[in-house]
Amino acid sequence: MMQLTKPTSTPTASLVSAARERSGVARFLGELHRNRLILLLALPGLVLIFLLKYVPMFGIVVAFEDFRAQTGFFSPWVGLDNFRLLFGSPVLWRIVRNTIILNTLFIVVGTIAAVGMALVLNEIAQPLLRKLAQSIMFLPFFMGWTVVAMMLYGFFDYQSGMVNNLMQSIGLERFSFYEQPNLWPGILTALHVWKTTGSGCILYLAVLVGIDTQLYEAAEIDGASRWQQMRFISLPLLVPTVILLTLLAIGRIFYGDFGMLYAIVGSNALLYPTTDVIDTYIIRALQTTTNFGMSTAVGLSQSVLGFICVFGSNWIVKKWSERRGEDYSLF
Amino acid sequence: MRRSKLGERLFAGANYTVVTLFTVFCLLPFYLLVISSLTDQKVLQLDGYSLWPRKFSLEAYKWVLRGKPVLVGYQVSTFVTVVGTFLSVVLMCGVAYALSVKKFKFRNQLSFYIYFTMVFSGGLIPWFITCRNLGLYDNIWALIVPMLMNPWWIFILRNYFNGLPGEIMESAVIDGASDWTILTRIVLPLSMPVLATTALFVAVGYWNDWWHGVILLDFADFRPLQVIILRIINSIRAIRQAMAMEGGGALAISSAQIPAKSIRMAIVVVTIGPIILLYPFVQRYFIKGLTVGSVKG
């Protein structure tokens, strides 16, 4: 995966003498001066990152405040009241559970689909067909969720949906899909597969293309069928990549695919029991309620849990890949 | 183990079938979408689905192109996409280049500064308050500025710059070239594949973005295309909910307030149109681009 430079520890000059410290500062400034042109090029971007990513990080103080629009980030301090309110609310359990269930479904089914499709595509001998299929499978990836949501209404709407029309024409009752929360984890997973399988199998295909052809030739001589070659050569060689990508996905398990859910479910409260996730809950809070403090507390809890998960999964990836003499970790 | 010719053929046949079926599954929604946008509204209402328009009609497209909101939305989305993509790629290249210059000692600390934003965030509400205070609210820049810097693409660009042959740069330095000359004359011309990939994905991101339009536009008299679509969806949803509560009473409102189905589908077609049209020309870039810099070694 992405190779990120390990942050080296900054030598702190605090313990050494004042003279050394001055020279440290001088060295630092000298380094900046020598590279002023490079810094000048990077500066606009770095300032933007500071304003839009770091300033909001200081804004998490709102989680400990009784937020008022007039006082902004400097509202009255209420300590942990927002968190007490949050942990006492029955909604918390629902949104956390839904986030984890939906993401688990997406990870498991999405991975199986992507790996399966990569294995099958790898067996297609005709390069033209293979390329064409790959390009078409990739197309849904570029569709915005609003577009998908609109298409979905075309299929599942009670009045004019294609599925309902089809069901009626073969003599079945019309069915209101948008009032059945139990169906939606399945529908959303199918959408996830539709949208991400084409892009997801690219990495797996890259691994398969890199496999030494001698392995297959040897298996061929030993009389292995194509199926056996897929099952006992290709699949095992994909396992490291599968584990790696899965662990990385688990690192983000507390972040719901809110673009999908906001566009498709939106304000349809009938579906909340199975589709309301942490992210959609926060957005609703932003739009409907005035309790910014509590919503920020939700966001902060999510960020902290997410942070722990990312580092935890990265640590596991690191330990696991070190045993294999490789390094797949992100940082 | 004995290999049977039949077994091999069945296996190959199964593979081809799976690939074909999944390809059709991916393509079918687009097909049905285009067909329903080209079908006469009355026929569509009666028959619903069909694999071929029973009564061909361009009425929906005429309606869409006459309607002012969609045209304004098109202009807004185009402006945001073009300006945003250009600024985004330029600014990210500046940062990525600084991270890739080996003589710059603090590049690791700088990498961490950017990397940290990938793993921790202040959350939505502090971000929203910050945007409002910065004046990124109710104007076109609210749709552009928040999406300019994407850490993921900064690192992809940096990895690509890192992979360029160092000897060329070193000899340029010996010849007295400045960092600016090296960047514009050597690094950028050599990086066209990754620049194209980045620009493509950033552009799609801008084109498909509705989220900033929902959160950061309030009283503005313009909306990007995606937000227009979202608003139509929301009104359908509201009417269906009202119907569910009152029975059939709201049926009369529904026909008046939401655009007919063929028109909705036509709006979707014109929204995804640019992507579909450009897709054949750019698709060879991104399949490569997604693996560029993402596989170690």
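Residues numbered from 1 in each chain as written. Chains lettered and ligands numbered in written order. Predicted model: local features only at pLDDT ≥ 70, side-chain atom pairs only at ≥ 80, totals over all residues. Heavy atoms only, no water.

Novice: Just checking my understanding: could you explain the overall build of chain A for this structure?
Specialist: Helix and strand content of chain A: 14 helices and zero strands. Seen in sequence order, chain A has helices and strands lined up from the N terminus as α-α-α-α-α-α-α-α-α-α-α-α-α-α. Radius of gyration (C-alpha) of chain A: 26 Å, far over the 20 Å computed for a compact globule of 331 residues. For chain A, the spread of C-alpha atoms along the three principal axes comes to 80 × 60 × 35 Å. (Helix = DSSP H or I, 4+ residues; strand = E, 2+ residues; numbered from the N terminus. Rg over C-alpha atoms; globule rule 2.2 N^0.38 Å.)

Novice: Can you help me understand the environment of Arg54(B) in this one?
Specialist: Within the element layout of this structure, Arg54(B) appears in the loop between helix H2 (41-47) and helix H3 (59-66). When the C-alpha atoms of Arg54(B) and Phe128(B) are compared, they prove to be 49 Å apart, with 74 residues separating the residues in sequence.

Novice: Whenever I open this one, the environment of Glu123(A) confuses me. Can you help?
Specialist: Topologically, Glu123(A) is positioned in helix H4 (residues 90-123). According to the relative accessible area criterion, Glu123(A) is buried, its value standing at 13%. Filtering out sequence-adjacent residues up to four positions away, Glu123(A) remains in contact with Arg226(A), Met230(A), Phe11(B) and Asn15(B). (Buried < 20%, exposed > 50% of the residue type's maximum accessible area, 1.4 Å probe, protein only. Contact = heavy atoms within 4.5 Å.)

Novice: Would you take a moment to explain the packing of H4(A) against helix H10 (residues 226-250) of chain A for this structure?
Specialist: Any two packed helices are characterised by how steeply their axes cross, that is the angle between the axes, and by the distance between the axes. Residue and element names in this part refer to chain A. In the contact formed by H4 and H10, the axes pass within 10 Å of each other and the chain directions differ by 145°. Handedness of the H4/H10 crossing: right-handed. Across from Ile107, Thr111, Val115, Leu119, Val120 and Glu123 in H4, the residues of H10 making contact are Arg226, Met230, Ser234, Leu235, Leu238, Val242, Thr246, Ala249 and Ile250. Split into classes, the residues belonging to the contact of H4 with H10 amount to 10 nonpolar, three polar and two charged. (Axes fitted to C-alpha atoms, helices over the stretch in contact; angles between N-to-C directions. Left-handed = near helix turned anticlockwise from the far one by under 90°. Nonpolar A, V, L, I, M, F, W, Y, C, P; charged D, E, K, R; others polar.)

Novice: What is the right way to read the nonpolar core from this model?
Specialist: Buried together is how nonpolar side chains tend to be arranged in soluble globular proteins. By size, the foremost hydrophobic cluster in this structure holds 184 residues, and its most contacted members are Met143(A), Trp184(A), Leu188(A), Ile264(A), Trp127(B), Met149(B) and Ile154(B). A total of 13 residues in this core trace back to one element, the largest contributor, which is H4(A). Those residues in contact with Trp184(A) that lie beyond four places of it in its chain are Leu152(A), Phe177(A), Tyr178(A), Ile264(A), Leu271(A), Thr274(A) and Thr275(A). (Core = buried A, V, L, I, M, F, W, Y, C linked by side-chain atoms within 4.5 Å.)

Novice: I keep staring at the interface of chain A and chain B and nothing clicks. Help me out?
Specialist: Size of an interface: often given as the accessible area lost when the parts come together. Taken residue by residue, the interface counts 116 residues in chain A and 109 residues in chain B. Our count for the chain A to chain B interface comes out at zero salt bridges. Per element, the largest residue contribution to the side of chain A that touches chain B is 18 residues, and it comes from helix H2 (residues 36-58) of chain A. (Salt bridge = Lys/Arg side-chain N within 4 Å of Asp/Glu carboxyl O.)

Novice: I'm lost on unusual backbone geometry in this one. Help?
Specialist: Across the chain, the bulk of peptide bonds are trans and the bulk of non-glycine residues have phi less than zero. Residue and element names in this part refer to chain B. Backbone geometry at Asp138 places phi at a positive 60°, although glycine is not the residue there. Here Asp138 shows up in the loop between helix H6 (124-133) and helix H7 (141-144). When its relative accessible area of 23% is taken as the criterion, Asp138 is described as partly exposed.

Novice: When you look at the pattern of salt bridges in this model, what are you seeing that I'm missing?
Specialist: Side chains carrying opposite charge are able to pair once their charged atoms draw close together. Residue and element names in this part refer to chain A. Following the criterion strictly, the structure yields seven salt bridges over all chains and no others. Ionic pairing is found between Arg84 and Asp81, a salt bridge with its closest N-O pair at 2.9 Å. Residue Arg84 and its partner Asp81 are located together in helix H3 (residues 81-87), separated by three residues, close to a single helical turn. For Asp81, a relative accessible area of 38% gives the class partly exposed. One salt bridge connects Arg94 with Asp276, and the closest N-O pair in it is separated by 3.0 Å. Of this pair, Arg94 sits in helix H4 while Asp276 sits in the loop between helix H12 (272-275) and helix H13 (278-288), and the two are 182 residues apart along the sequence. The exposure class of Arg94 is partly exposed, given its relative accessible area of 25%. Look at Asp276 and you get buried, because its relative accessible area is 1%. Ionic contacts of the salt-bridge type, sharing partners, join the residues Arg94, Asp276 and Arg284 into one network.

Novice: I keep staring at the packing of aromatic side chains and nothing clicks. Help me out?
Specialist: The geometry of an aromatic ring pair comes down to the distance between the two centres and the angle between the two planes. Counted by the stated rule, this structure contains 32 aromatic pairs over all chains. Plain terms: the ring middles of Phe138(A) and Phe142(A) are 5.7 Å apart, the flat faces sit at 20° to each other, and that makes the pair stacked. Across the pair, exposure class does not vary: Phe138(A) and Phe142(A) are buried alike. When the ring of Phe175(A) is compared with that of Phe177(A), the centres are 5.1 Å apart and the planes differ by 75°; the resulting orientation is edge-to-face. On the accessibility criterion, Phe175(A) (30% relative accessible area) is partly exposed. With relative accessibility at 11%, the residue Phe177(A) sits in the buried group. Clustering of aromatic rings is evident, with ring pairs tying together Phe50(A), Tyr54(A), Phe307(A), Phe311(A), Phe112(B), Tyr113(B), Phe116(B) and Phe120(B). Taking the ring centre of Tyr255(A) as reference, the NZ or CZ of Arg252(A) above it sits at 4.6 Å. Across the ring face of Tyr137(B), the terminal group of Arg132(B) is positioned such that the distance to the ring centre comes to 4.1 Å. (Phe/Tyr/Trp six-rings, centres within 6.5 Å; stacked < 30°, edge-to-face > 60°. Lys NZ or Arg CZ within 6 Å of the ring centre and 35° of its normal.)

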